[in-house]
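What follows is the residue order along each chain.
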Amino acid sequence: MIVQWYPGHMQKAKREILEINKYVDLYLILLDARAPLSSRNEDLEVLIKGKPMIYLLNKSDLADEKKNNQFLKYFESINHKAICIDSLRGTNIKNIFKIAENLLKDKIEEARQKGRRKIIRFGVLGIPNVGKSTLINKITNSSKAKTGDKPGVTRSKQWIKINDYFEMLDTPGILLPKLEDDMVAVKLCAIGSIKDELYDRELVAKKTIDIIKKDYCDLLNKKYSLDFSNMSGDDYLVEIGRKRGCVLKEGRIDTLKAASLFLEDLRKAKIGRITLDEIGSR
Ligand SMILES: Nc1nc2c(ncn2[C@@H]2O[C@H](COP(=O)(O)OP(=O)(O)OP(=O)(O)O)[C@@H](O)[C@H]2O)c(=O)[nH]1
Ligand SMILES: [Mg+2]
């Protein structure tokens, strides 16, 4: 198992989702555009079935542009609304409201006929570190929601008023990922959704290189001035470490440091814009 985790957390997540479901009109489900399938949890989505939802492929600025478009087409093909956004810069965020008003037009009209104004309550869900609080801050043009570049920053639920028509519920990362699948777990560790202390960085780095080598070998070769095509898992970190001067006192290569450097480069898109998932597989 890649990540030490406790199935009991999933029960807690289910209870919390059922609790917020009472108040929410529409869900914004943030997926990480670099792993849109691995960052989705259909088991938990079942609980909110029946309410409209929009998938937001966030951090699309870090993901492979070609694959962003392929994933949008994929979600459309399975009848889900999905758009690519970048919460840091605000790209495409206005579209969320247009789509939401359209999805809820009957409710809005019903309220209008009764002489009331419909306040739309968004539930913002997504795995840890996917950018939920950053999105809310961008929309409200504030820093009401606390953000950070590690998972687990938001600790409790918080309703945030956007204007007279919209409110948003920021949640901690209660949409737990499906960590029992090793491939999913590796990808989620690689993009930074899992706390560092819960996995082996060297193992995750090696397995991630195995994954991205298939489509992005040229980017890897260029970044580290190495030839990854003929290299195997055990050599990756030694070679990266050698190139980047990660040497221990006794002269051995510090592969843990090399793994950390690699993961940092990957997360900041310093290797290039990379998407880990493929349509048809996680
Ligand atoms: N490049 C890029 N970075 C982003 C984007 N959205 C969020 N981030 C960064 O991702 C990190 C996590 O953002 P948060 O908004 O704290 O994530 P969260 O989903 O609220 O995380 P938890 O509260 O821990 O569950 C921060 O360092 C943000 O700056 C984006 O669209 N593009
Ligand atoms: Mg948060």
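Before reading further, recall that the structure is shown in the block above.
For clarity, every value in this text was computed on a predicted model and none was experimentally measured.

Undergrad: Which residues make up the pairing of strand β4 (residues 120-126), and what values do they have?
TA: Here β4 lies mainly inside the structure; six of its seven residues are buried. One ladder, built from five bridges, connects strand β1 (residues 26-32) with β4; its direction is parallel. Among the inter-strand pairings, Ile29 is bridged to a residue of β4, identified as Leu125. Inspection of the sheet shows β4 paired to strand β6 (residues 166-170) by four bridges, in the parallel sense. By the bridge assignment, Gly123 is partnered in β6 with Leu169.

Undergrad: Tell me about helix α6 (residues 132-140), and name the residues and values.
TA: For α6, a buried count of seven out of nine residues is recorded, marking the element as mostly surrounded by other parts of the structure. Those residues of α6 lying buried are Lys132, Ser133, Leu135, Ile136, Asn137, Ile139 and Thr140. Residues of α6 that are buried sit in contact with β1, β2 (53-58), α4 (94-103), β4, β5 (158-161) and β6. Among the residues trailing α6, Asn141 stands out with phi positive, at a value near 55°.

Undergrad: Residue-level account of the packing of helix α7 (residues 182-191) against helix α10 (residues 255-267), with values.
TA: Running from N to C, α7 and α10 cross one another at 80°; their axes reach a closest spacing of 8 Å. As summarised for this structure, α7 and α10 are arranged roughly perpendicular, according to the angle between their axes. Contact residues: α7 offers Cys189, Ala190 and Ile191, while α10 offers Leu263, Leu266 and Arg267. A per-class count over the contact of α7 with α10 returns five nonpolar, no polar and one charged.

Parameters at a glance
Residues numbered from 1 in each chain as written. Chains lettered and ligands numbered in written order. Predicted model: local features only at pLDDT ≥ 70, side-chain atom pairs only at ≥ 80, totals over all residues. Heavy atoms only, no water. Buried < 20%, exposed > 50% of the residue type's maximum accessible area, 1.4 Å probe, protein only. Helix = DSSP H or I, 4+ residues; strand = E, 2+ residues; numbered from the N terminus. Pairing = 2+ DSSP bridges. Contact = heavy atoms within 4.5 Å. Axes fitted to C-alpha atoms, helices over the stretch in contact; angles between N-to-C directions. Parallel < 35°, antiparallel > 145°, perpendicular 65-115°, else oblique. Nonpolar A, V, L, I, M, F, W, Y, C, P; charged D, E, K, R; others polar.

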